[in-house]
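Chain and residue survey
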Amino acid sequence: MTENHSKTGENSDEKLAESRSPRSIRFSDSEWTRIEQEAAERGMTAAELVRHAAVSIAKGKRPANSLPFPPEISAQIERIYRGVYLLSTLKRDEMLREGRQEEIERTMKDARDSQAAFLDEISE
């Protein structure tokens, strides 16, 4: 498993963790400098800012000039997610070695249900 995963699962058919692929988009030097400045002010990388803004707009969740919550919080959530993902992967491996598969499955179901409820709540 890789740690570079998306966290948005809009509907139950969508994977909870989806691998990202590189995409190419062109910016002028002045545009990219402004994006980097804005991202730094919000505690994000330029790529995080562009990705978050583009996905939010594409999903029709927010107008082009807005984000669902402050970008610095988006960046922090992504960093926390990566840490939790690493720790949960280590714990899952330990539980599998101990034969605790049913407990893992219950925990995963609870996590998916919580995520779905949260996403429903913020999309309203």
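Below, the structure is looked at part by part. (Residues numbered from 1 in each chain as written. Predicted model: local features only at pLDDT ≥ 70, side-chain atom pairs only at ≥ 80, totals over all residues. Heavy atoms only, no water.)

**Things to note about the overall build of the chain**
Helix and strand counts for the chain come out as 4 helices and 0 strands. In the chain, which comprises 124 residues, the proportion classed as buried is 18%. The contacts in the chain between residues at least 6 apart in sequence include a share of 44% that link residues at least 24 apart. Carbon and sulfur atoms form 55% of the exposed surface of the chain, whose accessible area is close to 9200 Å². (Helix = DSSP H or I, 4+ residues; strand = E, 2+ residues; numbered from the N terminus. Buried < 20%, exposed > 50% of the residue type's maximum accessible area, 1.4 Å probe, protein only. Contact = heavy atoms within 4.5 Å. Areas by Shrake-Rupley, 256 points an atom, 1.4 Å probe, with all protein chains shown as cover.)

**Quick notes on the nonpolar core**
Counting 6 residues, the largest nonpolar core is built from I35, A39, M44, A46, L49 and A75. The set of elements that each furnish at least two residues to this core consists of α1 (29–41) and α2 (46–58). Setting aside chain neighbours within four positions, we find A39 in contact with M44, T45, A46 and L49. (Core = buried A, V, L, I, M, F, W, Y, C linked by side-chain atoms within 4.5 Å.)

**Observations regarding the side chain of E38**
Turning to its location among the elements, E38 is positioned in helix α1. The buried category is assigned to E38, whose relative accessible area is 18%. Separated by 2.7 Å, the side chains of E38 and R34 make a polar contact. (Polar contact = N/O pair within 3.5 Å; in protein donor to acceptor, adjacent residues only side chain to side chain.)

**As for the packing of α1 against α2**
Taken N-terminus to C-terminus, the directions of α1 and α2 make an angle of 95°; their axes are 8 Å apart at the nearest point. In terms of their interaxial angle, α1 and α2 are classed as roughly perpendicular. The segment α1 lies against α2, with W32, I35, E36, E38 and A39 engaging A46, A47, L49 and V50. (Axes fitted to C-alpha atoms, helices over the stretch in contact; angles between N-to-C directions. Parallel < 35°, antiparallel > 145°, perpendicular 65-115°, else oblique.)

**Observations regarding the pattern of salt bridges**
Inspection of every chain in the model, using the stated rule, returns 10 salt bridges. One salt bridge in this structure joins R42 and E38, with 2.5 Å as the shortest N-O distance. Linking K109 and D113 is a salt bridge whose minimum nitrogen-to-oxygen distance equals 2.7 Å. Within this pair, K109 and its partner D113 are both found in helix α4 (residues 101–123), separated by 4 residues, close to a single helical turn. For D113, a relative accessible area of 41% puts it in the partly exposed group. Look at the salt bridges and you will find they share partners, linking R20, R51, E78 and R82 into a network. (Salt bridge = Lys/Arg side-chain N within 4 Å of Asp/Glu carboxyl O.)

Note that every value here comes from positions in space, so none of it alone points to a role or purpose.
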